[in-house]
Amino acid sequence: MLSQSTVRARRCLGVRHSALRTALLLGFVAGAQSVSLGQEAPAAPPPTSAPPPTSGPSPTPAPPADESVVAARNSALRAAPEAADRRRRAAEAAGDDSVVLVLLPGTADGIADTNRNSDFAYLCPLAPRSAALLIAMARAPSSPAKSPPPLTPSSPATSSSPRAPSPPPGGSQPPAAQPPADAAPAPGTSGQPGPDDATTVSARALDRVYLPLRNPAMERWTGPEPAADAPTASLAGFADARPLDALADDLALVLRGRTTLLVSAGPAATGTPALAKLVAQLREKLPTHWVRLVGVPGAGKDDLIESLRQALPERVAVGDPVGAISKLTPIDVRPATGIIGALREVKSPTEVERIRRAVAATVEGHADAMRAARAGLFEFHLAGLVEFRCKAGGCRRQAYPSIVGSGPWSCVLHYDRNERRLADGDLVVLDAGGEFEGYACDVTRTFPVSGRFTPEQSVVYDAVLEAQEAGLAAVRPGATLRQVHEVARGVLAKHGLDKWFIHGTCHTVGLDVHDSWHADAVLRPGCVITVEPGVYDPARNLGVRIEDTVLVTETGCEVLSSSLPKSRAGVEALMAEDLPAGMLR
């Protein structure tokens, strides 16, 4: 795969019963009633031994929890500790003077399925439609923190556990515990912070997820969403869960005395307007600060002028603007890529296992497509075989739109229309990969529709395979992607084919098919990359690309997709096999 798709299918737990979905998504914790944003949920009646009604239909017993529900819930619980550790490391990397904000802005009007932010998925096991994460290190307050309101007689004592207390018999939820003295105000208890408010919050309190108000009417159509309450926080491993509407106020408090807001906003279609709206709110709430965009979408001369206009008092227009600017307290809004991206470069054993599962399903699909290929089929037939095997192997979606380019389309790198009819004499470049539990893979094979390479095709194919094998041999800890690329390019140059090699040899793979990486990084054990040289000669309708997903090990690399043949003899032998019965008519 040569570029990341921005079109992703929405997350779906695939559970059958709405009651079970609610228990999972609302973070139902044993013994705790889920309250949504101050609206008390209907209380479950306490267990009784009352006899059944004497008239009317017999009550229908609740259906048992099927395996898919249990697996989904256990998966979320298993993911929570690892995500919490990632958030801790992100806070430590950001340091005392920075706050990390990760936005999941939702979908834009008229644009479907654009809400994915892989940084959010990396740091949070929940999959809401929109949300935000707020992460920061503990920091000593610059002035004494304000005391919390006194506890009322009916309020429970503050607990260090994020788990909500169990409701008393009868069903009503007890009042929430008061926040610690150094925490930002609870939603609805504070207006805009004043200029002397130097309140800071602890690292635990700042490990927060912000969730939107629930809409029961909409949930009848789209399914339940997680609530901003203690049970959700406990399930997901957060110290706190708060309403999304409270984000701007909380963030304004947290940023006092800090210099940098590190932001990951997701896809530009939704992330850019969401960030612009939030920055506008911060500028209103922080009148003595200069909130300026640096290297994020929207940064530029116009925004710089606007940020100064809002930060400077009106009287400096005829006075000393330079002197006034020097007295402003700046807060830089910068990308969080350097912080979160660095964490994502080396995969954990859990992440590697998920990529292995994606590769295993993908390899089966490629093999079936190669067995099925024959003149008269359409490119989409081959794409469908790969995608079927991916889903049958546990991949809920493809990591990117499948590319099946035959004949002239084999030379078009991003071709994904898959509408041409296959013809004898064509080469087919099949670039497709599944995504298992959020983790991508990327595999490409090239094969002849007739089942046998022509002499002209064989020369180019063997050169590309030689370049790929040389690139794989160069993958080891300490190497860079550029070094691997130069090795592969050198082989193609030796064969006089390098002028048709028009892309890089490697990219990283993870939550995104083109995963986080910085240009001068060196490979380390646990990195996952591709090695994919290619030659594209449109004058001869001759395109060849060979790509594998590769794990960097202590001594070199492991080709995760090695079971899929790629020698000419191996490809031709696989194509001579029969397709499993019923796979294609």
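Our structure's up above, just so we're on the same page.
These numbers were taken from a predicted model, which means no experiment stands behind them. (Residues numbered from 1 in each chain as written. Predicted model: local features only at pLDDT ≥ 70, side-chain atom pairs only at ≥ 80, totals over all residues. Heavy atoms only, no water.)

1. Brief notes about the overall build of the protein chain
Quick note on the threshold: Helix and strand assignments come from DSSP, with helices taken as H or I runs of at least 4 residues and strands as E runs of at least 2, each series counted from the N terminus. Exposure categories follow from relative accessible area, calculated using a 1.4 Å probe and restricted to protein chains: below 20% of the type maximum is buried, above 50% is exposed, and the middle band is partly exposed. Contacts are residue-level and defined by heavy atoms, with any inter-residue pair within 4.5 Å sufficient. Using the Shrake-Rupley algorithm and a 1.4 Å probe, accessible areas are obtained, with residue cover drawn only from the displayed protein chains.
Helix and strand content of the protein chain: 15 helices and 18 strands. Buried residues in the protein chain amount to 48% of all 585 residues. A separation threshold of at least 6 residues defines the contact pool for the protein chain, and within that pool the share at least 24 residues apart is 75%. For the protein chain, the accessible surface area stands at approximately 26600 Å², while carbon and sulfur atoms represent 56% of it.

2. Re the sheet that holds strand 14 (residues 528-531)
Put simply, the rule reads: By the convention used here, strands pair only if DSSP detects at least 2 bridges between them. Interaxial angle, 0 to 180 degrees, is taken between N-to-C directions of lines fitted to C-alpha atoms, where a helix line uses only the stretch in contact.
The strand order 14-17-18 describes an open sheet built from three strands, whose pairing is antiparallel. The outermost strands of the open sheet, each flanked by one partner alone, are strand 14 and strand 18 (557-559). For this sheet, the mean inter-axis angle between neighbouring strands, taken without regard to orientation, is 35°. The sheet contact formed by strand 17 (residues 548-552) and strand 18 spans three bridges and is antiparallel. Bridge pairing in strand 18 links Val-550 to Val-559. Strand contacts of helix 11 (residues 349-372): strand 14, strand 17 and strand 18, with the helix running at about 160° to strand 17, the strand carrying the most contacts.

3. Focus on unusual backbone geometry
Here Asn-418, not a glycine, exhibits a phi torsion of approximately 55°, which is positive. Residue Asn-418 is classed as buried on the basis of its relative accessible area of 6%. You will see that Asn-541, though not glycine, has its phi angle at about 50°, which is positive. With respect to the helices and strands, Asn-541 occurs in the loop between strand 15 (534-537) and strand 16 (542-545). Its relative accessible area of 39% is what places Asn-541 among the partly exposed residues.

4. Quick look at the sheet that holds strand 13 (residues 443-448)
Reading across the sheet, the three strands line up as 9-10-13 and stay open at both edges, with antiparallel pairing between neighbours. Single-partner strands in this sheet number two, and they are strand 9 (403-406) and strand 13. Taking the axes of each pair of neighbouring strands and ignoring which way they run, one obtains an average angle of 10° across the sheet. Relative to strand 10 (residues 427-432), strand 9 runs antiparallel, the two being bridged by four bridges. For Gly-405, the partnering residue across the bridge sits in strand 10 and is Val-429. In the packing of helix 11 onto the sheet, contacts are made with strand 10 and strand 13, and the angle to strand 13 comes to roughly 10°.

5. Some remarks on the packing of helix 6 (residues 247-255) against helix 7 (residues 268-285)
Here is the rule: Should an angle fall under 35 degrees it is called roughly parallel, over 145 degrees roughly antiparallel, and 65 to 115 degrees roughly perpendicular, with every other angle called oblique. Rotating anticlockwise by less than a right angle from the far helix to the near helix defines a left-handed crossing, while the corresponding clockwise rotation defines a right-handed one.
Where helix 6 contacts helix 7, the axes come no closer than 9 Å and their chain directions differ by 55°. By the angle between their directions, the pair helix 6 and helix 7 is classed as oblique. Between helix 6 and helix 7 the crossing geometry is right-handed. Facing helix 6, whose interface residues are Leu-247, Ala-248, Asp-249, Leu-251, Ala-252 and Leu-255, helix 7 presents Leu-278, Gln-281, Leu-282 and Lys-285.

6. Topic: the packing of helix 11 against helix 15 (residues 568-575)
Cut-off, in case you're wondering: In this classification, the charged set is Asp, Glu, Lys and Arg, the nonpolar set is Ala, Val, Leu, Ile, Met, Phe, Trp, Tyr, Cys and Pro, and all remaining amino acids, among them Gly, are polar.
For the pair helix 11 and helix 15, interaxial distance at closest approach is 7 Å and the crossing angle is 70°. With respect to their mutual orientation, helix 11 and helix 15 come out roughly perpendicular. Contact with helix 11, carried on its side by Ala-367, Met-370 and Arg-371, involves Val-571, Leu-574 and Met-575 of helix 15 and no other residues of that element. Counted by class, the contact of helix 11 with helix 15 contains five nonpolar, no polar and one charged residues.

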